[in-house]
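# Chain and residue survey
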Amino acid sequence: MPSSSLSHTPAVIAASCRKRNRLNAAREIDPVTLPNCQLIKGIERGSEDIDILPNGLAFISSGLKYPGLKSFAPDKPGEIFLMDLNEEKPRAVELRISRGFDLASFNPHGISTYIDKDDTVYLFVVNHPHQKSTVEVFKFVEDDNSLVHLKTIRHDLLTSVNDIVAMGPDSFYATNDHYFSDFILMFLEMFLGLTWSNVVYYSPKEVKEVAAGFYSANGINISPDEKYIYVADILDHKVHVMEKHANWNLTHVKTLQLDTLIDNLFVDPDTGDIWTGCHPNGMKLFYSDPENLPASEVLRIQNILSEEPAVTRVYADDGSVLQGSSVASVHGGKLLIGTVFHRALYCEL
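Residues numbered from 1 in each chain as written. Predicted model: local features only at pLDDT ≥ 70, side-chain atom pairs only at ≥ 80, totals over all residues. Heavy atoms only, no water.

With that settled, consider the packing of aromatic side chains. Inspection of the entire model under this criterion finds 14 aromatic pairs. Between the aromatic rings of Tyr 179 and Phe 180, the centroid separation amounts to 5.0 Å while the plane-to-plane angle is 90 degrees, which identifies the pairing as edge-to-face. Exposure remark for Phe 180: the relative accessible area of 24% places this residue in the partly exposed category. With 6.0 Å between their ring centres and 50 degrees between their planes, Phe 180 and Trp 196 make a pair best called tilted. On the criterion of sequence distance, the pair formed by Phe 180 in the loop between strand 12 (171-176) and helix 3 (183-192) and Trp 196 in the loop between helix 3 and strand 13 (197-202) is long-range, its members being 16 residues apart. Under the relative-accessibility criterion, Trp 196 is labelled partly exposed at 42%. Pairwise contacts between aromatic rings join Phe 101, Phe 106 and Phe 138 into one cluster. (Phe/Tyr/Trp six-rings, centres within 6.5 Å; stacked < 30°, edge-to-face > 60°. Buried < 20%, exposed > 50% of the residue type's maximum accessible area, 1.4 Å probe, protein only. Helix = DSSP H or I, 4+ residues; strand = E, 2+ residues; numbered from the N terminus.)

What follows is the structure, encoded as structure tokens:
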């Protein structure tokens with residue numbers, strides 16, 4: 001069959017329609033504005049994930065270069081920024097990383113913090129050096145705004161890591177957003193709608209798959225009581241609630257269906273509310289067009305374990321202010337909104 005005919009076969013047309021549906025290709029949004037917001041100075045190349053310590057110190061990953069997505073500085077290494085949300089006018093400060101770590105290939109993605117019993121703060125960073133997947137473990141030294149690199153974690157089950165939630169100083173759950181790590185195969189996986197994405201538990205003693213069957217498992221986080229793990233399937237527009245067991249296995253509890261592409265998840269430690277940065281129209285994110293910018297959307301999910309969780313659109317922008325929101329994190333009435341490759345927004349709620 002000639003290639004021109006192949007592109008019009010029913011199977012290919014059906015796959016293309018499914019892909020458009022998963023990317024919400026037809027969706028447009030109405031703006032939802034917040035009165036006290038400003039772009040964060042110094043963050044120009046993305047703020048893909050944000051995690052906030054109980055004391056109000058926020059870590060921000062910046063400079064992600066991801067296959068198929070735009071980058072404003074493809075040759076510049078990634079960075080980790082810190083913001084102190086206790087300050088009257090918080091500013092982003094780049095954290096210095098200890099010698100010996102390969103900064104040139106630093107390509108940070110999802111992040112997670114863990115506070116040990118002795119108050120040591122560990123920062124886990126998903127890294128994609130040379131388009132591979134590793135997890136970097138750092139110790140945060142607050143006195144001189146620095147990160148001391150402790151170890152690099154690689155494993156055959158950590159193939160295409162997107163996000164991470166730390167369970168201890170050297171253990172975590174991680175999402176693999178694709179089965180394949182090769183860009184062409186990743187695209188084919190998405191085009192065909194394969195549900196081969198998964199969640200992996202890692203510790204020095206045991207590494208295992210604990211959940212599977214996702215189109216593209218993305219953001220992951222844990223409830224304040226540490227009983228439940230939340231997983232965002234970005235291409236299925238769902239948040240999955242999983243019960244965590246003593247052996248670290250996960251079992252499915254419920255699913256919340258939304259109408260947007262859900263990226264990272266942040267859990268408010270005080271209320272248990274889930275805050276998420278979303279992509280209203282994923283087609284605009286992947287097919288970057290300066291005349292048709294990727295939009296941003298922030299949702300707040302309350303009482304997710306109840307029969308009728310409350311979902312509120314807190315913020316929405318058509319891309320004129322903020323392009324491609326990927327995370328929304330809150331602390332003390334302040335909201336940080338991060339993006340895959342664009343700027344970051346600071347708002348007072």
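Moving on to the state of the cysteines. Counted according to the given criterion, the structure contains one disulfide. The disulfide that involves Cys 37 links it to Cys 347, with 2.1 Å between the sulfurs. Negative torsions about the S-S bond denote left-handed disulfides, and the value of about 110 degrees found for Cys 37 with Cys 347 makes this one right-handed. On the criterion of sequence distance, the pair formed by Cys 37 in strand 1 (residues 37-39) and Cys 347 in strand 25 (residues 345-348) is long-range, its members being 310 residues apart. Given the relative accessible area of 0%, Cys 347 is considered buried. (Disulfide = S-S within 2.5 Å.)

Further remarks concern the environment of Asp 75. Along the chain, Asp 75 falls in the loop between strand 3 (57-62) and strand 4 (79-84). Among the residues examined, Asp 75 registers a relative accessible area of 79% and is labelled exposed. When the C-alpha positions of Asp 75 and Ala 104 are compared, they lie 9.0 Å apart, and in sequence the two are 29 residues distant.

Below, the discussion takes up the layout of surface pockets. Looking at the largest pocket, its volume works out to about 930 Å³. Along the walls of the largest pocket sit 40 residues, with Asp 51, Ile 52, Asn 221, Val 267 and Pro 269 positioned nearest its centre. When residues of the lining of the largest pocket are traced back to their parent elements, those giving at least two are strand 2 (49-52), strand 7 (108-115), strand 11 (161-168), strand 15 (217-222), strand 19 (261-267) and strand 23 (325-331). Counted by class, the lining of the largest pocket contains 22 nonpolar, nine polar and nine charged residues. Here the second largest pocket defines a volume of roughly 420 Å³. Looking at the second largest pocket, it is lined by 27 residues, and the ones nearest its centre are Tyr 66, Pro 67, Leu 69, His 178 and Phe 286. (1 Å grid on protein atoms, 1.4 Å probe; cavity = no way out; pocket = protein on both sides within 12 Å on 5 of 7 lines; lining within 4 Å. Points joined across faces, edges and corners; volume = space filled by probe spheres on them. Nonpolar A, V, L, I, M, F, W, Y, C, P; charged D, E, K, R; others polar.)

Looking now at the UniProt feature "binding site: Ca(2+)" (unreviewed entry) in the chain. Within this structure's numbering, the places UniProt gives as "binding site: Ca(2+)" (unreviewed entry) are Glu 48, Asp 49, Ile 111, Asn 162, Asp 163, Asn 218, Asp 263 and Asn 264. A compact arrangement is adopted by the annotated residues: their sequence extent is 217 residues, whereas the largest C-alpha distance between any two is 13.0 Å. Restricting the annotated residues just mentioned to those that line the largest pocket leaves Asp 49, Ile 111, Asp 163 and Asn 264. Mapping Asp 163 onto the fold places it in strand 11. Given a relative accessible area of 2%, Asp 163 falls into the buried group. In this structure Asp 163 touches Asp 49, Gly 110, Ile 111, Val 126, Tyr 173, Ala 174, Thr 175, Asn 218, Gly 219, Ile 220 and Asn 264, once residues within four positions along its chain are discounted. The topology assignment puts Asp 263 in strand 19. (UniProt positions renumbered as here; feature names shortened; annotations may be inferred. Contact = heavy atoms within 4.5 Å.)

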